[in-house]
Amino acid sequence: MMLRALSADWMKIRGKGIWFLTALGPIGLVAMQGLNFGLRYDYLMNQYADDPWGGLLHNIANFVPIALFLGITLISSLMANVEHQLSSWKQLLALPISRTAVFSAKFVQAFLLLTVSCILLSAGTAVLGLLLGMSPQEIPYVDLARVGFAPMLAAIPLLAIQLWMSMTLKNQGLPVGIGITASVVSVFTYQFPNWMPLKWPVLAYVGPGEVKVVGAGLCLGLVISLMGLIHFNRRDVN
Amino acid sequence: MTDMVIQTKGLYKLYKKRAAVEDLNLEIARGDIYGFLGPNGAGKTTTIRMLLGLIQPTRGSIHLFGKDLKKEKMDILRRTGSLVEYPSYYGHLTAIENLETIRRITGGPKARIAEVLDIVSLTKEAKRPVKGYSLGMKQRLGIAAALLNHPELLILDEPTNGLDPSGIQEIRELIKQMPRQFGITVLVSSHLLSEVELMADKVGIIREGRLVYQDTITNLTAAASSGFRLSVSEPEAALMHALELGCSGVLNRGMMELGAMSDAKVALLVKRLVEHQHAVYRVEEKRRSLEDIFMQIVGEGNRI
């Protein structure tokens, strides 16, 4: 049932700018570093002479949390808005499909869209590195994959909250406001204690305890999703 | 009474202690077109949302097709098509794509999309984005969506709201053919009796959350009669006959004015008059309009 809802959901987001946003995030990040390295090529290549790939990844990773938080906020809101816009929830939920399936499908869709962003980010970073003349023999495949996926998995609690709020509130002001606040705050997260979920996307890539942090992100994300699911199942649809 | 498609018992919905629906007992039999009437804010939409499981009743039970909505919701929804208030659609998609999003969830063959578009005569417009449709077309698309899964029960909430007269007529004709052509039971809500009168077999009238009237439209029409006027050759003698038959009546400007009576009694009176060599020129029924009756039912208790 969930897959059926998901297949309908892919149709619904056509032409809504969601795919555009999914691509814009990672491409924007890579382009920004392209500019950074392009303008200060000699200086930066000199500074990262020992490990140019590591230098590039470090610069990319600095901006991943804010891009991720913004992306999560906007994707959740845009996806939910497809249904809110003309009160389609009432039609959708009067179909013979469980609310659990509807909710899970939205979650999976958001997750898959973010996955696409992450793949684009990893691939884009590799392409940028090669364009900057970094050694093809030394491509750090594992770190490239980590820069894309580790922060994303650690940010799942935020995805769960944003999706929950966006889907249950018709007015998107609150979820978008909270999401943007989280994105802005994420710039300063290195000053936060490690237990703060907002810091997890940073920790998941630079450590310490990368694997543990990703695990914690998944667990907390699951708990919040379940709470959202229970609420979504019980609420009155007007 | 096993062939009740919709049956609610003691249904309540409270919003912050204010009852939107109060002790509602609906009974809708298979093959009926049931007109669900009431002024705006009387609780029609709340009731319909409860029937579809969109909102939870505070108290009471809902059975559709003899099954408990709480326990067998999926099975019930599979056999039900609905259009709740204004139509829901995805404006950037075409009619075909809109129906496809539903078909992907309910299953069924793709050919069904063309069929339902044909039923609501949208085939020609099917490839345009829905945001460019007129309200009437959107409403028809909503009905097409409701029909997509071959429902046995169609629940339509104010399907003619905001439509122009020709749009209203189109929708009405569409609804009227449902039981005949497809064996579908229809629940249609409206705040206009005149509209429901033209398509429904049975009406339920709701006021301030309570069902104040539930019967056939024929009985409602009968209640509209407030008496008869007879024009005869010899009114005084004729009135005696009428009074002998137990009618109440008076003479007024050479016409007999009689109270409400059954068809059989009217026939008996006319027969008697004719047998006694009276010439009966005219038998008129004095009728209040259904709208008056509706206002009376709806307004009862509201008068100061």
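For the structure, see preceding data.
So, a few notes on the structure that sits alongside this text. Owing to the predicted nature of the structure, the values given are computational and were not obtained by experimental measurement. (Residues numbered from 1 in each chain as written. Chains lettered and ligands numbered in written order. Predicted model: local features only at pLDDT ≥ 70, side-chain atom pairs only at ≥ 80, totals over all residues. Heavy atoms only, no water.)

## Comments concerning the packing of aromatic side chains
Under the definition given, this model contains 5 aromatic pairs over all chains. An angle of 25° between the planes, with centres 6.4 Å apart, marks the rings of Phe 37 of chain A and Tyr 48 of chain A as stacked. Linking Phe 37 of chain A in helix α2 (residues 18-39) with Tyr 48 of chain A in the loop between α3 (41-47) and α4 (52-84), this pair joins segments that are 11 residues apart in sequence. Of the two residues examined, Phe 37 of chain A and Tyr 48 of chain A, each falls in the buried class. Relative to Phe 36 of chain B, the ring of Tyr 34 of chain B has its centre 6.5 Å away and its plane inclined at 45°; by these criteria the two rings are tilted. One exposure class covers both Tyr 34 of chain B and Phe 36 of chain B, and it is buried. Grouped by ring-pair contacts, the aromatic residues Trp 89, Phe 103 and Phe 232 of chain A constitute a single cluster. Over the aromatic face of Tyr 12 of chain B sits the side chain of Arg 59 of chain B, whose NZ or CZ is 4.3 Å from the ring centroid. (Phe/Tyr/Trp six-rings, centres within 6.5 Å; stacked < 30°, edge-to-face > 60°. Helix = DSSP H or I, 4+ residues; strand = E, 2+ residues; numbered from the N terminus. Buried < 20%, exposed > 50% of the residue type's maximum accessible area, 1.4 Å probe, protein only. Lys NZ or Arg CZ within 6 Å of the ring centre and 35° of its normal.)

## Observations concerning the interface of chain B and chain A
The figure often quoted for interface size is the accessible area lost as the parts come together. With 32 residues of chain B at the contact, the number on the chain A side is 30 residues. Note on chain B versus chain A: buried area summed over both sides is about 2800 Å², and carbon and sulfur give 57% of it. A salt bridge links Glu 97 of chain B to Arg 14 of chain A; the nearest nitrogen and oxygen atoms lie 3.3 Å apart. Counting every contact that joins chain B to chain A gives 16 residue pairs in polar contact (both at pLDDT 80 or more). Where the side of chain B that touches chain A is concerned, the elements lending two or more residues are β1 (4-15), α2 (73-78) and α3 (95-106) of chain B. Tallying contributions element by element places α3 of chain B first for the side of chain B that touches chain A, with 7 residues. For the side of chain B that touches chain A, a count of residues per class yields 15 nonpolar, 10 polar and 7 charged. (Contact = heavy atoms within 4.5 Å. Buried area = accessible area lost by both parts, 1.4 Å probe. Salt bridge = Lys/Arg side-chain N within 4 Å of Asp/Glu carboxyl O. Polar contact = N/O pair within 3.5 Å; in protein donor to acceptor, adjacent residues only side chain to side chain. Nonpolar A, V, L, I, M, F, W, Y, C, P; charged D, E, K, R; others polar.)

## Digging into the packing of helix α1 (residues 2-12) of chain A against helix α6 (residues 99-131) of chain A
Residue and element names in this part refer to chain A. Relative to each other, α1 and α6 sit at 55°, their axes nearing to 8 Å. When the interaxial angle is binned, α1 and α6 end up oblique. In this structure, the crossing between α1 and α6 has a hand that is right-handed. Here α1 contributes Met 2, Ala 5, Leu 6, Asp 9 and Trp 10 to the contact with α6, which in turn contributes Ala 101, Ser 104, Ala 105, Lys 106, Val 108, Gln 109, Leu 112 and Leu 113. Of the residues belonging to the contact of α1 with α6, the class tally is 9 nonpolar, 2 polar and 2 charged. (Axes fitted to C-alpha atoms, helices over the stretch in contact; angles between N-to-C directions. Parallel < 35°, antiparallel > 145°, perpendicular 65-115°, else oblique. Left-handed = near helix turned anticlockwise from the far one by under 90°.)

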